[in-house]
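Analysis of the macromolecular model
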Amino acid sequence: MPYTLEGTVRAFNQELLEKDLIEEQLIFYTLEGKQGMWRFFDARTYRSGPFDLEYLIALMEQLI
C-alpha cells in the first residue's frame, strides 16, 4: 500500500516519564483505492489503524 510518512505523535505524562517511556505513533497518509486516509502505526506494539477523531481523543485522555 503506497504511503507518505507525515510525522509522529508523542505523548507522555508523569507516570510514563517515571517508567522512562514516551508513547509514539507514526502518522501516515495512505492511498487505498481511489481514496486516501490517515493511519497510525505504533512501532512498539505493531498496532495500526485509522487516525481519526476517536483515536486522537483516546490519545489525549491518556495524558490526563
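Residues numbered from 1 in each chain as written. Predicted model: local features only at pLDDT ≥ 70, side-chain atom pairs only at ≥ 80, totals over all residues. Heavy atoms only, no water.

**Thoughts on the overall build of the protein chain**
Along the protein chain, the regular secondary structure elements total two helices and four strands. Looking at the protein chain as a whole, 20% of its 64 residues qualify as buried. Considering only contacts in the protein chain between residues 6 or more positions apart, those separated by 24 or more positions represent 24%. Total accessible area on the protein chain is roughly 5000 Å²; 56% of this is exposed by carbon and sulfur atoms. (Helix = DSSP H or I, 4+ residues; strand = E, 2+ residues; numbered from the N terminus. Buried < 20%, exposed > 50% of the residue type's maximum accessible area, 1.4 Å probe, protein only. Contact = heavy atoms within 4.5 Å. Areas by Shrake-Rupley, 256 points an atom, 1.4 Å probe, with all protein chains shown as cover.)

**Focus: the side chain of Asp 42**
Relative to the helices and strands, Asp 42 is located in strand S3 (residues 35–42). Buried and unpaired, Asp 42 has no salt bridge, with Arg 47 as the nearest side chain of opposite charge at 4.1 Å. When residues no more than four places from it in sequence are discounted, the contact partners of Asp 42 are Glu 23, Glu 24, Gln 25 and Arg 47. (Lys, Arg positive; Asp, Glu negative; His and termini not counted. Salt bridge = Lys/Arg side-chain N within 4 Å of Asp/Glu carboxyl O.)

**Some thoughts on unusual backbone geometry**
Located in the positive-phi region is Tyr 46, a residue other than glycine, with phi close to 65 degrees. Mapped onto the secondary structure, Tyr 46 falls in the loop between S3 and strand S4 (47–50). The class for Tyr 46 is exposed, based on a relative accessible area of 64%.

**Re a nonpolar patch on the surface**
On the surface, Tyr 29, Leu 31 and Trp 38 cluster together to form a nonpolar patch covering roughly 280 Å² of accessible area. The residue Leu 31 is located in strand S2 (residues 23–32) in this model. (Patch = residues over 30% accessible without salt bridge, like charges linked within 9 Å, V, L, I, M, F, W, Y side chains within 5 Å.)

**Description of the environment of Met 37**
Relative to the elements of secondary structure, Met 37 occurs in strand S3. Note on Met 37: relative accessible area 27%, which makes it partly exposed. A C-alpha to C-alpha distance of 9.2 Å links Met 37 and Asp 52, two positions 15 residues apart in sequence. Discounting residues that sit within four places of it in the chain, Met 37 has contacts with Phe 28, Tyr 29, Thr 30, Glu 32 and Pro 50.

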